[in-house]
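# Tertiary structure, described
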Amino acid sequence: MTDSRIPPPDLAAESPFETIQKTQEPRLWRGDGWTAQVLKNEDDDGWAVAMIKDGEPEPALVGPWTMGRDKKNPKPLDVNAFNTLVKTASEFVRRHEQQLHATLHQRITVSAKLARITVSLDIVPDEDNPYALLSAHEEGNEDGEPLAQVRVAPSFNLNRASATQWVESDFPKPAER
């Protein structure tokens, strides 16, 4: 039995995959997973453009935008400008993701104990309890069982000297600093 007083749920509004309509207005363009919005620059008399990736709350990139011919209003967005902005913002996001990955996952290969050992530091950025895993693998066996693995502070400084010292002293848990 159904209650006719309760309207049926709007499934499109609840779907995380809802499609965002393509928009092509002078100050607002949507398409290709991005929104470009021309905004008044609060710092001066100029204009800025914000590039927002669909589903993200904050702009991925904000940059200056060109004045129009009247020197008061912004130049309207067009297909070429939008495509360039999408490419620039996508590259910016990709470089940021690569930098974050490099920060969270470090590797150094050292010669110690008559072998080549790859020492990895993998940081787990948990909000409540961040930590890192320091592990050692024989070179060529990075995907197999580690020689050693210990939990360390995410601030552990992995460098050639610390990796060599850890391997040569039989993988003790490093002292917290």
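Provided above is the structure to which this section pertains.
Residues numbered from 1 in each chain as written. Predicted model: local features only at pLDDT ≥ 70, side-chain atom pairs only at ≥ 80, totals over all residues. Heavy atoms only, no water.

### Here we look at the overall build of the protein chain
- Secondary structure summary: the protein chain contains 3 helices and 9 strands in total.
- For the protein chain, the α and β elements follow one another from N to C terminus as α-β-β-β-β-β-α-β-β-β-β-α.
- Classification of the 177 residues of the protein chain by burial places 30% in the buried group.
- Across the protein chain, every contact between residues at least 6 apart in sequence was considered, and the portion connecting residues at least 24 apart equals 32%.
- Put simply, the protein chain shows about 12,800 Å² of open surface, and 52% of that area lies on carbon and sulfur atoms. (Helix = DSSP H or I, 4+ residues; strand = E, 2+ residues; numbered from the N terminus. Buried < 20%, exposed > 50% of the residue type's maximum accessible area, 1.4 Å probe, protein only. Contact = heavy atoms within 4.5 Å. Areas by Shrake-Rupley, 256 points an atom, 1.4 Å probe, with all protein chains shown as cover.)

### What to know about the pairing of strand 7 (residues 115–124)
- By the bridge criterion, 8 bridges tie strand 6 (residues 105–112) to strand 7 in an arrangement that is antiparallel. What sits directly across from Val110, in strand 7, is Ile117.
- A loop of 2 residues connects strand 6 with strand 7, the two strands running antiparallel in sequence, and Lys113 in this loop sits at a positive phi of about 55°.
- Judged from the 8 bridges that link them, strand 7 and strand 8 (residues 131–138) form a sheet pairing that is antiparallel. Paired with Ile117 across the bridge in strand 8 is Glu138. (Pairing = 2+ DSSP bridges.)

### Side note on the side chain of Ser135
- Tracing the backbone shows Ser135 in strand 8.
- The exposure class assigned to Ser135 is buried, which follows from its relative accessible area of 6%.
- When sequence neighbours within four positions are dropped, the list of residues in contact with Ser135 reads Thr118, Val119, Ser120, Ala148, Gln149 and Trp166.

### Here's the deal with helix 3 (residues 160–168)
- Considered for burial, the residues of helix 3 that qualify are Ser162, Ala163, Thr164, Trp166 and Val167.
- On its buried face, helix 3 sits against strand 6, strand 7, strand 8 and strand 9 (148–152).
- Following helix 3 by one or two positions, Asp170 adopts a phi angle in the positive range, close to 65°.

### Some points on the sheet that holds strand 7
- With respect to topology, 4 strands assemble into an open sheet ordered 6-7-8-9, the strand pairing being antiparallel. Two strands lie at the open edges of the sheet, namely strand 6 and strand 9, each paired on one side alone. When strand polarity is set aside, the average angle formed by the axes of neighbouring strands in this sheet is 20°.
- Each of strand 6, strand 7, strand 8 and strand 9 is contacted by helix 3, which is oriented at about 60° to strand 6, the strand it contacts most. (Axes fitted to C-alpha atoms, helices over the stretch in contact; angles between N-to-C directions.)

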